[in-house]
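Chain and residue survey
Each chain, letter by letter, is given below.
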Amino acid sequence: MSGAKLDLNHPNSRDKHHYDPCIVVIFGGAGDLSHRKLIPALYNLSIDDDLPERFAILGFSMEDLGDQQYREFARAGIEKFSRRAIAEEQWAKFAPRLHFCRGTFTAAASYQNLRERLEALDEECKTAGNRVFYFAIPPAFIDTCSAGLTAAGLIKPPAAGLPYTRVVVEKPIGSDFDSASEINGQLARHFDERQIFRIDHYLGKETVENLMVLRFANSIFEPIWTSRFIDHVQITVAEAEGVGTRASYYDHAGALRDMVQSHLLQTLCMIATEPPNTTGAESVRDAKLDVLRSLRPLGDEDLDKWVVRGQYAEGLIGGVPAKAYRDEEAIAPDSKIETFAALRCWIDNWRWAGVPFYLRTGKRLPKRASEIAIYFKSVPRILYNANPRAPLAPNMLTIRIQPDEGLDLYIMSKVPGSQTRLQQVKVDFHYVTSTPEAYETLLNDVIIGDQTLFMRRDTVEEAWKFVQPILDAWGESPIDPPIYAAGSWGPLEAALMIAADGRTWRTL
Ligand code: BG6
């Protein structure tokens, strides 16, 4: 295995504070994503001086707002959702950068109006014609909005000497392989792949991003990061929340589309990838794509035995009663949508041959906790591990994605004293300061033009290819998903699945 080289032309290697000027146009600028995530993230970037000096934000949507009202909307979002509270002097610096342009996504006149507004802002803020179009909109509008921008002459091809145009697209990219490839095709009619930034916000999480650093900037992990030393890997993304207010989306999507196809598979790629040739976006994304391409396709037997779904029934979360999924507002009373999914998969390459990866995710589990657990193989059954009735606990490395980000290494140690008794101890590492929100990292990367943490078209489609047989099997099944009580760790079937391999899910 070769080591990674630092790509000196890569944006991460440049002076972080050297940014080209630009305008970020948020389609759906007065919507929920903007309010909760995007504007608070931009505010935090502004506090950290991680924005171009010549910079503007333009909310674009149908609400009847002026700049002043948009600033009030933004401030309310920051007050409620920002990781750092409003500081008046920071707000005074940030607020004048916020603007609003009213428009309808389907009306040609709105795009003309947008164009004029952008030209005026370019003049006023000296933003040099560089634009980021952030599509915080339902996927059904992607084509319409792209076509509107093209017709108004607002998309410039990527070429040296021209101002840049970038587009940011949110997940879900499609609901199966065919629809994903259709959306990607629509984008490709208007943008070059180098201009498209497909967000999977898990890739912007500090601990997920740190996986590459952990593996390739330390000499102690990589030599043992193989099937010779690793017994198995568990990835858990647990949520205590239920479906919330997103019933209309979720009751068609379910946990497999919503979480496994994107967040869990992307995390898996970060754990399993070979060292890329450089830290540049294409090398990293090529290496991750190889992982997806090495996933063993799921056959009928896998679908029967190694893939489990579940739906939450009523129960208690931290002592508080929670409704059954089918009783949630706007959920079909006979919905077969899964709110929990678990599976075992194999990566058929040299490094990982014979190492099972167990993935699970669900809503209304006992707590919010996302974690990767690397279980190492046991030491030989000799010396301290000679007693068959008391085998030593194998070493384990857990990487906590959230909350309480950090890592724990579990090792055996002698209990101090005259006797030789062993116990498992935990060496832990916590971040002491609050880490940036995923959207801060990702927006910053869009502004500097670094695509490393964004999903390329082939990656998205390969991930859909892997889950497609499960979607087909569940979609055709007349059987209801197994039920689990809200506040439990999922259906019994999930415990039985991993038990069939002689293992158990880690208790979080
Ligand atoms: C989103 C899903 O992508 O991720 C949601 O659509 C889920 O259903 C969310 O709740 C989880 O993100 P996080 O960052 O809270 O773990």
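Okay, so let's go over this structure.

Rules used in this analysis
Residues numbered from 1 in each chain as written. Predicted model: local features only at pLDDT ≥ 70, side-chain atom pairs only at ≥ 80, totals over all residues. Heavy atoms only, no water. Helix = DSSP H or I, 4+ residues; strand = E, 2+ residues; numbered from the N terminus. Rg over C-alpha atoms; globule rule 2.2 N^0.38 Å. Buried < 20%, exposed > 50% of the residue type's maximum accessible area, 1.4 Å probe, protein only. Contact = heavy atoms within 4.5 Å. Areas by Shrake-Rupley, 256 points an atom, 1.4 Å probe, with all protein chains shown as cover. Near = heavy atom within 4 Å. Polar contact = N/O pair within 3.5 Å; in protein donor to acceptor, adjacent residues only side chain to side chain. Nonpolar A, V, L, I, M, F, W, Y, C, P; charged D, E, K, R; others polar.

1. With respect to the overall build of the chain
Regarding its fold elements, the chain presents 13 helices and 17 strands. In terms of C-alpha radius of gyration, the chain reaches 24 Å, essentially the compact-globule figure of 23 Å for 508 residues. Here the C-alpha coordinates of the chain stretch approximately 80 × 55 × 40 Å along the principal axes. A total of 508 residues make up the chain; the buried ones form 55% of that total. Pairs at least 24 residues apart make up 78% of the contacts formed inside the chain by residues separated by at least 6 positions. As displayed, the chain offers around 22500 Å² of accessible surface, 53% of which is attributable to carbon and sulfur atoms.

2. Some words on the site of the ligand
Neighbouring the ligand are Lys 171, His 201, Tyr 202, Lys 205, Glu 239, Arg 246, Asp 258, Met 259, His 263, Lys 363, Arg 368 and Gln 402. At 2.6 Å from an oxygen atom of the ligand is found a side-chain nitrogen or oxygen belonging to Gln 402. Relative to its unbound accessible surface of 400 Å², the ligand loses 81% to contact with the protein. In terms of residue count, the dominant contributor to the shell around the ligand is helix 8 (residues 247–272) (three residues). For the shell around the ligand, the per-class residue count stands at two nonpolar, three polar and seven charged.

3. Overview of unusual backbone geometry
A cis geometry characterises the amide bond from Lys 171 onward to Pro 172, with omega recorded as 5°. Residue position: Pro 172 is located in the loop between strand 5 (165–169) and helix 6 (177–190). In the segment running from Gln 402 into Pro 403, the intervening peptide bond is cis, with an omega of -15°. With respect to the helices and strands, Pro 403 occurs in the loop between strand 14 (396–402) and strand 15 (406–414). At Ala 128, a residue that is not glycine, the phi angle is positive and equals roughly 65°.

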